Amino acid sequence: MASETADKIKSGCNIVDVIGKEVKLKREGANYSGLCPFHGEKTASFKVSEQKQFFKCFGCGESGDVIAFVMKYYHLDFMEAVKKLADEYSIAIDEGSFRKGISKDKYYGLTKKVARQFVTNLFSGSGSSAKAYLLKRGVDEQTMAKFGMGFALNDWANILNSLEDDEKVTALQLGIIGSKQNRSYDKFVNRVIFPIIDLNRHVIGFGGRTLTDDKGPKYLNSSDSVIFHKKDHLYGLNIAADNIRKKDRAVLVEGYMDVVSMHQAGIDEAVASLGTALTEEQVKLLKRFTRNIVLSYDSDAAGKQATFRAIQRIVKQGLSPRVVDLGAYKDPDELITEEGRDAYLAKLDNSIAYIDFVMDYIEGMHDDSLQGKRDAKEDIIEFLTVADDMEIAEIGKKISERFNIDEDSLISKVRSAKRNVNHPRRENANKGASERMQNRKKKYVEAGAIALCMSGKKYLGKIVSSSMNFFTENGYHILEVLTKFNDSYDGSGDYKEDLLATCSVLPQEDYEYLQKVIANIKIGDPEIFWEHLKIQAALFILEDKHREYMLELELLEGDKSKAYDEKAREINIKLASITKDRNKLIAIAKGYINN
């Protein structure tokens with residue numbers, strides 16, 4: 001049983017030892033305390049009870065046992081967390097007793113096989129153009145091997161033809177191959193390949209840089225899948241993690257080539273986000289290894305904007321990043337290639353405090369007019385809402401002098417701005433409660449539609465072809481997969497089994513949502529259930545129209561002209577019609593209930 005396995009793990013390892021590997025704990029009587037690893041803080045509110053084998057942060061509210069900590073801290077699911085603890089503490093377990101959901105082993109096995117094929121391509125005669133490109137960029141063969149770099153041939157079926165039939169299904173789910181009009185093809189073609197590897201040394205995705213800039217996107221990245229979520233990973237961290245710990249510093253850059261170039265130059269604490277803006281999850285991941293982050297993004301306008309946004313996310317986690325000024329160079333790779341390692345290290349050692357960059361950036365967005373100066377002051381106050389009080393106290397004097405704001409007034413304005421962010425006005429509370437109630441109803445209809453789709457092809461086709469909306473992000477992602485399945489399913493095989501296999505391509509959060517829907521929604525008679533869903537969906541449309549017309553009436557209040565009186569009458573007629581239609585639908589719904 002899963003509970004017995006969990007109990008065995010919890011009795012076989014000490015929560016203080018497990019957490020103490022990542023969090024500096026200080027004994028306080030019978031318990032321990034330290035800085036919370038799940039949110040930014042400068043005063044310890046994270047407590048660990050050795051007696052109860054339990055942790056609790058009184059700042060952010062995170063709590064749980066040793067398995068919960070490992071899941072949260074290392075971004076693992078239950079099964080992965082149990083396996084990690086079992087391996088580290090030599091605890092014998094029966095994996096079959098707690099395995100749940102879908103195994104990821106087949107996905108990791110496939111990505112490893114594909115990665116090896118890419119490497120073989122690079123170091124074969126067919127990879128000469130890719131190797132020449134990398135050598136020209138200053139990347140030697142040792143570095144290529146260190147990062148597992150490869151090459152996707154200029155062939156739409158190179159990977160496809162290397163796979164067995166069952167592997168092709170898995171490759172399609174992972175986005176390694178694509179399918180169009182019943183024909184499969186390689187997604188990565190004529191590209192230098194950068195494998196994305198997690199901290200457990202699993203290949204979880206790929207990035208590809210085209211060798212022909214005139215065709216397709218310059219960089220192509222794996223889409224999110226059952227084993228890969230961009231927001232949770234950093235390129236190069238599998239190599240850089242130990243170096244970041246040793247140097248107590250991480251250098252955050254924008255691209256794959258920046259990371260590769262910097263590691264080859266001996267700056268081996270460099271990592272990059274994966275084709276997206278830096279996420280809070282990525283910052284929390286870096287915090288496991290250091291509290292000192294240096295941003296070295298591109299120096300163009302887009303790079304500066306990305307730097308500003310990254311600073312906001314880092315400061316929100318209680319850290320104080322620094323920023324490298326690259327001068328005339330576009331990116332770190334260009335600087336290192338042109339001037340060498342020492343020139344970049346000099347820039348790195350002279351990185352500026354984040355607040356200096358922020359002040360320059362905000363001032364640069366506004367002119368020197370009186371209005372421009374007012375706007376700049378508002379922007380700096382808005383920025384400071386992500387910082388804690390201690391951080392504001394440290395940088396307040398510098399900001400007040402730069403923007404000509406009294407320091408006490410600055411702190412007061414920031415506190416006021418924070419209250420507005422954290423506590424919406426009371427008059428919006430009732431509206432918010434009403435919207436939440438409406439959203440709960442919509443989520444139920446969405447969940448019902450998903451459950452009905454799982455019950456049979458007949459209802460999948462009806463729902464996909466209907467105008468029924470899915471309201472949550474999870475539901476929208478599931479609808480996309482359901483639509484693709486509806487278009488491709490030919491009636492052969494086991495419907496539910498094939499549909500679940502197709503849905504396994506969903507990101508973990510979406511897949512878990514799907515499993516929860518399947519477990520909790522009871523359909524009964526599917527035809528009656530379908531009619532209920534249609535009625536509820538129609539009611540939502542009517543209610544949205546009703547709100548729209550009511551807003552229009554509010555806008556007309558106070559205007560007594562003949563034209564506006566006529567407009568008001570038209571709206572009231574529409575409202576009456578909506579009420580009539582709504583009552584009809586409710587009566588039909590009651591009829592189904594009574595039957």
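Residues take numbers from 1 onward in each chain, read along the sequence in its written order. With the structure being a predicted model, the display of local features is reserved for residues of pLDDT at least 70 and the display and counting of side-chain atom pairs for 80 or more, all residues being used for whole-chain, interface and lining totals. Excluding hydrogens and water, the side-chain figures rest on all heavy atoms present in the structure.

1. Quick notes on the pattern of salt bridges
Criterion for a salt bridge: a side-chain nitrogen of Lys or Arg within 4 Å of a carboxyl oxygen of Asp or Glu. All told, the structure shown has 30 salt bridges when counted by the stated rule. Between arginine 245 and aspartate 242 there is a salt bridge; the shortest N-O distance is 3.9 Å. In this pair, arginine 245 and aspartate 242 both sit in helix H9 (residues 237-247), three residues apart, roughly one turn of the helix. Burial classes: relative accessible area under 20% of the type maximum marks a residue as buried, over 50% as exposed, and values in between as partly exposed (1.4 Å probe, protein chains only). Classification of arginine 245 by relative accessible area gives partly exposed; the value is 37%. You can call aspartate 242 partly exposed: its relative accessible area is 48%. Each member of the salt-bridge network shares a partner with another, and the members are Lys247, Arg249, Asp268 and Glu269. Strands are runs of DSSP state E lasting at least 2 residues, helices are runs of H or I lasting at least 4, and numbering of each runs from the N terminus.

2. Some thoughts on the sheet that holds strand E3 (residues 46-49)
Read from one edge to the other, the open sheet built from five strands follows the order E1-E2-E3-E4-E5, with strand pairing classed as antiparallel. One side of each edge strand has no neighbouring strand; the edge strands of this open sheet are strand E1 (26-28) and strand E5 (63-64). Pairing analysis gives four bridges linking E3 to strand E4 (residues 54-57), with the strands arranged antiparallel. Bridge pairing links lysine 47 to lysine 56 in E4. For two strands to be treated as a pair, DSSP must find no fewer than two bridges joining them.

3. Some words on the confidence of the model for the chain
Predictor confidence is given residue by residue as pLDDT, running from a minimum of 0 to a maximum of 100. When the pLDDT values of the chain are averaged, the result is 84; 89% of them are 70 or greater. pLDDT under 50 marks residues 97-102. Its contacts with residues more than four places away, or in other chains, come to 17 contacts. In what follows, residue pairs with any heavy atoms lying within 4.5 Å of each other are defined as contacts. The model gives residues 424-431 a pLDDT under 50, and that stretch makes one contact with residues more than four places away or in other chains.

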